[in-house]
Amino acid sequence: MQVDALDVLVAETAARLEREGRYARTRHFVQHGGVTVYDHCLRVAAMSCRLARALDLDVDTDALVRGALLHDYFLYDWHEKDDSHRLHGFTHPRRALQNACEDWALNEVECDVILRHMFPLTPVPPACREAWLVCLADKLCAMQEMVYTRTRRLRPALARIF
């Protein structure tokens with residue numbers, strides 16, 4: 001099996017974020033179904049890179065990967081009963097950006113990726129290609145994760161039928 005250079009970049013960047021900030025905490029929070037925030041962000045980063053390559057887009061790959069890895073850097077369990085989590089879908093991009101800015105110096109592209117990834121749920125659209133790619137990849141990965149999690153329990157029953 002050939003190792004893709006972009007997958008290596010994603011893994012190395014995630015490892016660096018874990019060493020330098022609070023990124024390891026994302027391993028402890030569940031995002032979609034049984035998928036951790038950490039794994040979801042790795043998938044979004046890889047999918048964003050694949051989309052950029054497939055569409056032959058000129059992007060800042062380093063900013064794309066860092067922004068994708070940090071897009072859900074909100075650092076709390078949004079499933080807990082807490083009024084501050086009630087509007088998580090609308091508010092977590094700003095919280096993720098705030099946390100990321102506390103831990104790292106971000107460039108304009110990385111900030112746009114983090115802050116705008118929930119469009120159209122949040123009203124302001126992305127301003128750069130990288131943010132559009134992460135916005136799309138986030139939705140594709142979330143859908144895949146939710147479908148997989150929900151159908152996993154049904155697979156034994158479906159196997160008996162088909």
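I will try to describe carefully the structure that is included in this document. Because the structure is predicted, anything quoted here is derived from the model rather than measured.

Take the overall build of the protein next. A tally of regular secondary structure across the protein gives 7 helices and 0 strands. Overall, the protein shows an N-to-C arrangement of helices and strands of α-α-α-α-α-α-α. For the protein, the proportion of its 162 residues judged to be buried stands at 43%. Counting contacts in the protein only where the partners sit at least 6 residues apart, residues at least 24 apart contribute 63% of the total. Total accessible area on the protein is roughly 9200 Å²; 57% of this is exposed by carbon and sulfur atoms.

Throughout the structure, instances matching the rule amount to 5 aromatic pairs. Ring centres 5.6 Å apart and planes at 85 degrees place the aromatic pair F119 and W132 in the edge-to-face group. Taken together, the residues F119 in the loop between α5 (108–116) and α6 (129–152) and W132 in helix α6 connect sequence positions 13 residues apart. When its relative accessible area of 21% is taken as the criterion, F119 is described as partly exposed.

Let us now look at the packing of helix α3 (residues 61–70) against α5. Across the interface, α3 lies against α5 with an axial gap of 8 Å and an inter-helix angle of 35 degrees. The two elements α3 and α5 cross, and the hand of that crossing is right-handed. Here α3 contributes D62, A63, R66, G67, A68 and L70 to the contact with α5, which in turn contributes V109, E110, V113 and I114. In the contact of α3 with α5, the residues fall into 6 nonpolar, 1 polar and 3 charged.

Moving on to the packing of helix α1 (residues 5–20) against α3. Close contact between α1 and α3 brings their axes to 10 Å; oriented N to C, the two are set at 55 degrees. Taken as axis vectors, α1 and α3 run oblique relative to one another. As α1 runs across α3, the sense of the crossing is right-handed. Taking contact as the criterion, the partners of L6, L9, V10, T13, A14 and L17 in α1 are, on α3, T61, D62, V65, R66, L69 and L70. Of the residues contributing to the contact of α1 with α3, the split by class is 8 nonpolar, 2 polar and 2 charged.

Turning our eyes to something else, we now look at the environment of Y76. By secondary structure assignment, the location of Y76 is in the loop between α3 and α4 (88–103). In sequence terms Y76 and R25 are 51 residues apart; their C-alpha atoms lie 8.8 Å from each other.

Now for the nonpolar core. One finds Y23, L69, L70, Y73 and W104 to be the most contacted residues of the largest nonpolar core, which totals 38 residues. Sorting the residues of this core by element identifies α1, α2 (37–54), α3, α4, α5 and α6 as the ones contributing at least two each.

Moving on, we come to unusual backbone geometry. Each neighbour pair has its own omega, and for F119 with P120 the value is 10 degrees, a cis peptide bond. Summarising the element assignment, P120 is placed in the loop between α5 and α6. One non-glycine residue, D56, lies in the positive phi region at around 55 degrees. For D56, the position within the fold is in the loop between α2 and α3. The exposure class of D56 is exposed, given its relative accessible area of 69%.

Further remarks concern a nonpolar patch on the surface. The grouping of L136, L140, M143 and V147 at the surface amounts to a nonpolar patch, some 340 Å² of accessible area in total. Relative to the helices and strands, L136 is located in helix α6. Judged by relative accessible area, which is 41%, L136 ranks as partly exposed.

Parameters and conventions
- Residues numbered from 1 in each chain as written.
- Predicted model: local features only at pLDDT ≥ 70, side-chain atom pairs only at ≥ 80, totals over all residues.
- Heavy atoms only, no water.
- Helix = DSSP H or I, 4+ residues; strand = E, 2+ residues; numbered from the N terminus.
- Buried < 20%, exposed > 50% of the residue type's maximum accessible area, 1.4 Å probe, protein only.
- Contact = heavy atoms within 4.5 Å.
- Areas by Shrake-Rupley, 256 points an atom, 1.4 Å probe, with all protein chains shown as cover.
- Phe/Tyr/Trp six-rings, centres within 6.5 Å; stacked < 30°, edge-to-face > 60°.
- Axes fitted to C-alpha atoms, helices over the stretch in contact; angles between N-to-C directions.
- Left-handed = near helix turned anticlockwise from the far one by under 90°.
- Nonpolar A, V, L, I, M, F, W, Y, C, P; charged D, E, K, R; others polar.
- Parallel < 35°, antiparallel > 145°, perpendicular 65-115°, else oblique.
- Core = buried A, V, L, I, M, F, W, Y, C linked by side-chain atoms within 4.5 Å.
- Patch = residues over 30% accessible without salt bridge, like charges linked within 9 Å, V, L, I, M, F, W, Y side chains within 5 Å.
- Salt bridge = Lys/Arg side-chain N within 4 Å of Asp/Glu carboxyl O.

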